[in-house]
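# Tertiary structure, described
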Amino acid sequence: MRSIILYNLVLCILLAGCTNKQKHSTIIGGADGTTEILIANNNPEIKDSSVVDSTAQKYDIDAPIPLSEIEQYNKRVTLKRMPNVSITHPDAYKIRTQKPVYTTKTEQITLDVINVDAPSAEPEYHWMEQWENGKWTEFPFIDNLGFAGVGRDLSKGDTLPEHISMSEFKNLLEPNKYKVHFYVFANIYTYCTVTDNSIQPVKNSEMKGAFNFHVLDSKNDSLRILFENHTNLSVQPVFLPSVGTDELYSVHPYARSGWVGEAEWMKSHALLKGGEAMLFSLPISWDINKLQTSHDKENFKTGKLTPGKYKIGLQIEVYMETEFNVEYSPIPLKPAEAT
């Protein structure tokens, strides 16, 4: 996906946590059925067909944010974290070293990256930790190390190798236990239809399985996009959901921009643990006079999503880890000792 990446960016991805605290809702159901969402509101009977969030900020369509002010996305886009998603696909992706024990003279460790039962993904990058003084600490890379992406595809049921050279690291392996971290990148999609009165998911376009991804049936005021993590793995939505068509990448100025500031904002707000979900709510209208550039004003001159079919996408990173031990290399016996 990316051609060059430095280690500090990789480490930042691992350590990023979710700092926003929102009122929890409840999810009932499994990966194979339609999930019912019970969100705090004045009418306990309201479910998927008419989602109401009494804690969500009301949209002011007279003051949309320019794309450059990414940190203000929370004024226009609501992210609601939801717990208690059933874990039906543990270790949908997983990694393992080809040996449980290596020696101090090991020059390369080969990691098996396995897609057990999950969407196709691209294997990305690794980093390591070592056990030190009762806790995991960084096993540092050499300075100015870069990785070149190779664009491999990890389909369901596939296993691909990841080669870890010890020359990448500042320190030599010593007798100890080590942890390898790795992540894969995936693009997932679903479709919805916008009418003058409602927003409806397109039948059979919903993703189901390790991750559920679909647009909720609701009134025509906001796109309500639900992503459920039915694995035991941590998942990071990289950007906000994209809103486009089969012909156009983007038809909404406040959906995914691809800007690095948006990615940083998502790291601090949208990292999902295993068994969590995220409900994204994006208004379907905007004030074109408040968009920042003439290019944006031309591209989004309709001021709203007009009736039609839309393609909703989400880019995710899925994080895995595994451990291995290192022991001293056996000392070869001298000829006299061997006899």
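All figures in this text were calculated on a predicted structure; none of them were measured in a lab. (Residues numbered from 1 in each chain as written. Predicted model: local features only at pLDDT ≥ 70, side-chain atom pairs only at ≥ 80, totals over all residues. Heavy atoms only, no water.)

All right, on to the overall build of the chain then. Within the chain one finds four helices and 20 strands. For the chain, with 339 residues in total, the buried portion stands at 50%. Intrachain contacts of the chain at a sequence separation of at least 6 include 75% that bridge at least 24 residues. (Helix = DSSP H or I, 4+ residues; strand = E, 2+ residues; numbered from the N terminus. Buried < 20%, exposed > 50% of the residue type's maximum accessible area, 1.4 Å probe, protein only. Contact = heavy atoms within 4.5 Å.)

As a further point, take the environment of G308. Structurally, G308 can be placed in strand β20 (residues 308-327). Sequence spacing of G308 and D196 is 112 residues, and the spatial spacing of their C-alpha atoms is 9.6 Å. Excluding residues that lie within four positions of it along the chain, G308 makes contacts with C192, T193 and V194.

Overall, antiparallel pairing links the four strands, which are arranged β4-β19-β16-β14 in an open sheet. The sheet terminates laterally at β4 (78-82) and β14 (211-215), the two strands that pair on one side only. Averaged over all neighbouring strand pairs, the angle between strand axes comes to 15 degrees, with direction disregarded. (Pairing = 2+ DSSP bridges. Axes fitted to C-alpha atoms, helices over the stretch in contact; angles between N-to-C directions.)

Strand order in this open sheet of three strands is β5-β7-β11, and the pairing throughout is antiparallel. At either end of the open sheet lies a strand with only one pairing partner, and these are β5 (93-97) and β11 (159-165). Each adjacent strand pair in this sheet contributes to an overall mean axis angle of 25 degrees, direction not counted. With five bridges joining them, β5 and strand β7 (residues 108-115) adopt antiparallel strand pairing. Opposite R96, over in β7, you have D112 as the bridge partner.

A full pass over the atoms with the stated rule returns 12 aromatic pairs. With a centroid separation of 6.2 Å and an interplanar angle of 65 degrees, the aromatic rings of Y125 and Y183 are classed as edge-to-face. Within this pair, whereas Y125 is found in strand β8 (residues 122-132), its partner Y183 is found in strand β12 (residues 176-194), the two being separated by 58 residues in sequence. Residues Y183 and Y319 carry aromatic rings whose centres are separated by 5.7 Å and whose planes lie at 65 degrees to one another, so their mutual orientation is edge-to-face. Here Y183 is found in strand β12, whereas its partner Y319 is found in strand β20, with 136 residues between them in sequence. Each member of the pair Y183 and Y319 is classed as buried. Chaining the aromatic ring pairs together yields one cluster made of Y102, F139, F141, F169, Y178 and F324. One cation-aromatic arrangement involves K177 over W131; the distance from NZ or CZ to the ring centre is 4.4 Å. The ring of Y191 carries the charged tip of K309 above its face, separated from the ring centre by 4.7 Å. (Phe/Tyr/Trp six-rings, centres within 6.5 Å; stacked < 30°, edge-to-face > 60°. Lys NZ or Arg CZ within 6 Å of the ring centre and 35° of its normal.)

Coordinates in, geometry out; function isn't part of it.
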